[in-house]
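Survey of secondary and tertiary structure
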There are 2 protein chains.
Amino acid sequence: MTTQHEEAQVTQGIVRIAPEPLAARVGQKLRDAGADQPSVEATVRALMHASLHGVDSHGVRLVGYYDGALRSGEINGHPQVTLRRTAAATAMLDGDDGLGHHTSYRAMEAAIEIAREAGVGAVGATRSSHFGAAGAYALAAAEAGMIGLATTNAESLVALFGSAQAFHGTNPLAVAAPVAGEKPWLLDMATSAIPFNRVLLYRSLGQTLPEAIAANEAGLPVRDPNEAAMLMPMGGADYGFKGAALAGLATVLSAILTGASLDHEMVSLGKGNEPKPPGLGHFFLAIDPARFAGAAVMADGMRRYLDALRAVPPRSGGAPPMAPGDREWRVAEERRRDGIPLDPDTAHFLGF
Amino acid sequence: MTTQHEEAQVTQGIVRIAPEPLAARVGQKLRDAGADQPSVEATVRALMHASLHGVDSHGVRLVGYYDGALRSGEINGHPQVTLRRTAAATAMLDGDDGLGHHTSYRAMEAAIEIAREAGVGAVGATRSSHFGAAGAYALAAAEAGMIGLATTNAESLVALFGSAQAFHGTNPLAVAAPVAGEKPWLLDMATSAIPFNRVLLYRSLGQTLPEAIAANEAGLPVRDPNEAAMLMPMGGADYGFKGAALAGLATVLSAILTGASLDHEMVSLGKGNEPKPPGLGHFFLAIDPARFAGAAVMADGMRRYLDALRAVPPRSGGAPPMAPGDREWRVAEERRRDGIPLDPDTAHFLGF
């Protein structure tokens, strides 16, 4: 769900590192900062998912932030994660203020296990922290043969539709579904038009922003990235109420249902005067196709759907249509071959 | 989730009818066309939900279509709806080719009952037909104290992002959440930028379409409504891949998981050469807050969320921000007082 812009971010002064040594170095950094082995493994897995699949904004470049948060005590490196089963198909998970990736993989694994018994499994997570790319957890469900949904709220950064004030976070929605014989269908999108780091990219490149994606302090759309104070919701100037509503859905499931902090109440990640756990909430759902029309019918349907989608002719001169995830799998193949590009700051931090 | 345009549709030659006599007349029409009492009750309830809340595209104006489909045998007026419980939290419902509203209320009621036991309930429906406004079923869950989700696929009418061919239907997503002491939070949106009937409205008014909402036969954006051959996905020219992905999500849950017809395989509603059931699928989910942080915590969270949202200052000169559903509840109040506006064709068909 990223565009070519994200890759442009790393075309100047980049180094390319193979996945294995990069993962090892990221793990070492987290271990040095005080994270225990389960936390390290989950965080490396999630960050490498993002970096390998081209979601650089949520990849290994975040390790500096996690390093600081672990060292300051804002994030607990040795969490006692506890799962409380609340009904046949539901559970609540307390992340003990640990790394969000560890909390989130544990929560999705619980949802998958529950779904095997009950048909669907829904798990709310609290006392968590920034979980990276939502798609990592939806993907874990699809790899287990389930439809998976993962969402989180985040601190206010997106203007409410028609307003002059940031209200929702970039609140992603991620869903993945298994596809027999190939990589899953994978939707992972912010409910804002773009992530904020894309604005920073336009700033650094001195380019003009597309229309209706960012606003100034007065809530008015701006094209100059230096004037951008907040993002606009997906849907633009006319239909941004839809993006705002989807951001609200992420908040309802992740924070209101679970009792976590709301977007506008959230302690700024990494910006607090004294270390304070962010108190993030997430929501995970796993659905077992075996309890609906059956895994074989689902596999046949995905096949017909994807074959028809990929056979749709592009607009004159355009590229063939892609299903959600298609771009990511292609990028992962390239990066496994050519290495993962690191910006100079991240490369320096990791000692490459 | 509709705009002021929808209301403009009915400003010329309208009559206004009070809800009770209108509901009675719609029920009589369906009964005359051969629908049994449970089918009539569910369909009247769903159509009146839409007409009362300003979603005129999915309201009582559709009764002519249902009348024809019942009389032709395309829709079964005496369905034997059967529910098969497949696990602790899941069920499949066979609509027996009856009216989609009857199938859908039954499916959501089952999801609610299951969620009371299991924490969440997920029900897939097959052998259904056009179910009207998705929000009607999400709302039923919220009225029972649950978070409810309802979605359906529909026949191809929306260009795939970057393509020259309609692929997905307008595939709505509806979610509702209970709010203590007031009407629910209610999101009900098409995953296309607008519904097709909005294009027809622009045609009849001789107005220019907004940018990036409709395309011509070549898949290129058009402003002249007479050239519009298909809709564009939500997100516009730059970010339409997000709308297309959400439309795909509706198809995955409603049709692929359940084994129903895919959007591009679907028999055209009301356009077939010989009567053939549309074979639509839907998906319903109910989530019981009692099995997460608890109903009281959820109620407190919704209160804080909505109070903060409604206190956000509008852009200079604008109206105060609204939560999803706020506009609908306001319209319903007006229409209970002033009557429901009917276009001349619908008024004539219903004998007003």
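The structure under discussion appears in the preceding block.
Residues numbered from 1 in each chain as written. Chains lettered and ligands numbered in written order. Predicted model: local features only at pLDDT ≥ 70, side-chain atom pairs only at ≥ 80, totals over all residues. Heavy atoms only, no water.

To continue, consider the overall build of chain A. Looking only at helices and strands, chain A features 11 helices and 13 strands. Here the C-alpha radius of gyration of chain A, 20 Å, is about what a compact globule of 352 residues would show, namely 20 Å. Viewed in the frame of its principal axes, chain A has a C-alpha envelope of about 55 × 55 × 45 Å. The burial tally for chain A puts 62% of its 352 residues in the buried class. In chain A, 67% of the contacts between residues at least 6 apart in sequence involve partners at least 24 apart. When the accessible area of chain A is evaluated, it comes to approximately 12400 Å², of which 50% is carbon and sulfur surface. Computing the positive centroid from 29 side-chain charges and the negative centroid from 37, chain A places the two 3 Å apart. (Helix = DSSP H or I, 4+ residues; strand = E, 2+ residues; numbered from the N terminus. Rg over C-alpha atoms; globule rule 2.2 N^0.38 Å. Buried < 20%, exposed > 50% of the residue type's maximum accessible area, 1.4 Å probe, protein only. Contact = heavy atoms within 4.5 Å. Areas by Shrake-Rupley, 256 points an atom, 1.4 Å probe, with all protein chains shown as cover. Lys, Arg positive; Asp, Glu negative; His and termini not counted. Charge placed at Lys NZ, Arg CZ, Asp CG, Glu CD.)

Together, A:Glu211, A:Asp238, B:Glu211 and B:Asp238 give the surface a local cluster of negative charge. Relative to the elements of secondary structure, B:Glu211 occurs in the loop between helix H7 (196-205) and strand E10 (214-215). (Patch = residues over 30% accessible without salt bridge, like charges linked within 9 Å, V, L, I, M, F, W, Y side chains within 5 Å. Salt bridge = Lys/Arg side-chain N within 4 Å of Asp/Glu carboxyl O.)

Moving on, we come to empty space enclosed by the protein. Which parts of space are left empty comes out when a probe the size of a water molecule is rolled across the atoms. With the rule as written, the count across this model stands at four cavities of 30 Å³ or more. Reported here for the largest cavity is a volume of approximately 320 Å³. Surrounding the largest cavity, 23 residues form its lining, A:Leu149, A:Leu249, A:Leu253, B:Leu149 and B:Leu249 being those nearest its centre. Mapped by element, the contributors of at least two residues to the lining of the largest cavity are strand E5 (147-152), strand E8 (173-179), helix H8 (236-256) and strand E12 (280-287) of chain A together with strand E5 (147-152), strand E8 (173-179), helix H8 (236-256) and strand E12 (280-287) of chain B. (1 Å grid on protein atoms, 1.4 Å probe; cavity = no way out; pocket = protein on both sides within 12 Å on 5 of 7 lines; lining within 4 Å. Points joined across faces, edges and corners; volume = space filled by probe spheres on them.)

Let us look at the environment of B:Ser51. All names here are of chain B. The residue Ser51 is located in helix H3 (residues 37-52) in this model. Separated by 281 residues in sequence, Ser51 and Ala332 place their C-alpha atoms 8.5 Å apart. Once residues lying within four places of it in the same chain are set aside, the contact partners of Ser51 are Asp56, Gly59, Val60, Arg335 and Ile340.

Residue and element names in this part refer to chain A. Despite not being glycine, Arg127 has its phi angle at roughly 45°, a positive value. Here Arg127 shows up in strand E4 (residues 120-128). We classify Arg127 as partly exposed; its relative accessible area is 35%.

As a further point, take the sheet that holds strand E3 (residues 90-94) of chain A. Residue and element names in this part refer to chain A. On the basis of which strands lie adjacent, the open sheet formed by seven strands has the order E2-E3-E4-E12-E5-E8-E9 and mixed pairing. Of all strands in the sheet, those with a lone pairing partner are strand E2 (82-87) and strand E9 (182-189), marking the two edges. Strand after strand, the sheet turns through a mean of 15° between neighbouring axes, direction not considered. As defined by bridge partners, E8 adjoins E9 across six bridges and the pair is classed as antiparallel. Within the sheet, the bridge partner assigned to Val175 lies in E9 and is Leu187. Sitting on the sheet, H8 touches E4, E5, E8, E9 and E12, and the angle it makes with E5 is about 95°. (Pairing = 2+ DSSP bridges. Axes fitted to C-alpha atoms, helices over the stretch in contact; angles between N-to-C directions.)

Before going further, it helps to spend a moment on the relation of the copies chain B and chain A. By a simple turn and slide, chain B fits onto chain A: the slide is 0.0 Å along the axis, the RMSD is 0.0 Å, and the turn is 180°. Classification of the inter-copy transformation places it as that of a two-fold axis. Rotation axis and chain B: the residue whose C-alpha lies nearest the axis is B:Gly235, separated from it by 2.3 Å. Both copies contact each other with a shared surface, as 100% of the interface residues of chain B are interface residues in chain A too. (Least-squares fit on C-alpha atoms with pLDDT ≥ 70 in both.)

Structural measurements only, silent on function.
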